[in-house]
Amino acid sequence: MAKFKKKGDKNNYDFSDQKCIGRACWCPGMFNHYGTSINGARSSSHQTPECINRAYHGCDKKRNPFKDELETERKQEGWKNA
């Protein structure tokens with residue numbers, strides 16, 4: 001598990017590992033956790049900052065290898081290890 005943070009953003013985003021910053025599947029965002037009430041209605045109970053691709057589809061590191069140029073680009077955007 002690795003955490004990344006963007007300059008100006010208070011959230012620490014959870015990712016699979018330290019090399020995620022250089023993968024094409026990189027997708028930081030807020031994942032909604034849903035709960036069901038006693039009457040069956042679904043509602044969002046809370047959100048967690050994490051990789052949306054990992055949360056919804058799981059990691060496929062073989063199809064998304066680490067690339068130095070992607071890591072450099074994201075670091076220039078303000079992303080760093082938290």
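Please read all numbers here as calculations on a predicted model, not as lab measurements.

Asks: How should the pattern of salt bridges be read in this particular structure?
Replies: Close approach of charged atoms lets side chains of opposite charge pair. Enumeration over the complete set of coordinates arrives at 6 salt bridges. One salt bridge in this structure joins Glu50 and Arg54, with 3.6 Å as the shortest N-O distance. In this structure Glu50 comes out as buried when scored by relative accessible area, which is 12%. A relative accessible area of 23% means that Arg54 is categorised as partly exposed. When salt bridges that share partners are traced, they join Asp17, Arg23 and Lys61 into one network.

Asks: In this structure, what is going on with the packing of aromatic side chains? I would like to understand it.
Replies: Taken as a whole, this structure holds 6 aromatic pairs when the rule is applied. Ring geometry for Phe4 against Trp26: centres 5.3 Å apart, planes inclined by 80°, an arrangement best described as edge-to-face. With Phe4 in strand β1 (residues 2–6) and Trp26 in the loop between β2 (13–15) and β3 (28–36), this residue pair connects regions lying 22 residues apart in the sequence. A relative accessible area of 12% means that Trp26 is categorised as buried. Ring geometry for Trp26 versus Trp79: centroids 5.2 Å apart, planes at 85°, classification edge-to-face. With Trp26 in the loop between β2 and β3 and Trp79 in strand β5 (residues 79–81), this residue pair connects regions lying 53 residues apart in the sequence.

Basis of the calculations
Residues numbered from 1 in each chain as written. Predicted model: local features only at pLDDT ≥ 70, side-chain atom pairs only at ≥ 80, totals over all residues. Heavy atoms only, no water. Salt bridge = Lys/Arg side-chain N within 4 Å of Asp/Glu carboxyl O. Buried < 20%, exposed > 50% of the residue type's maximum accessible area, 1.4 Å probe, protein only. Phe/Tyr/Trp six-rings, centres within 6.5 Å; stacked < 30°, edge-to-face > 60°. Helix = DSSP H or I, 4+ residues; strand = E, 2+ residues; numbered from the N terminus.

So, to be careful, I would describe these as geometric facts and stop short of saying anything about function.
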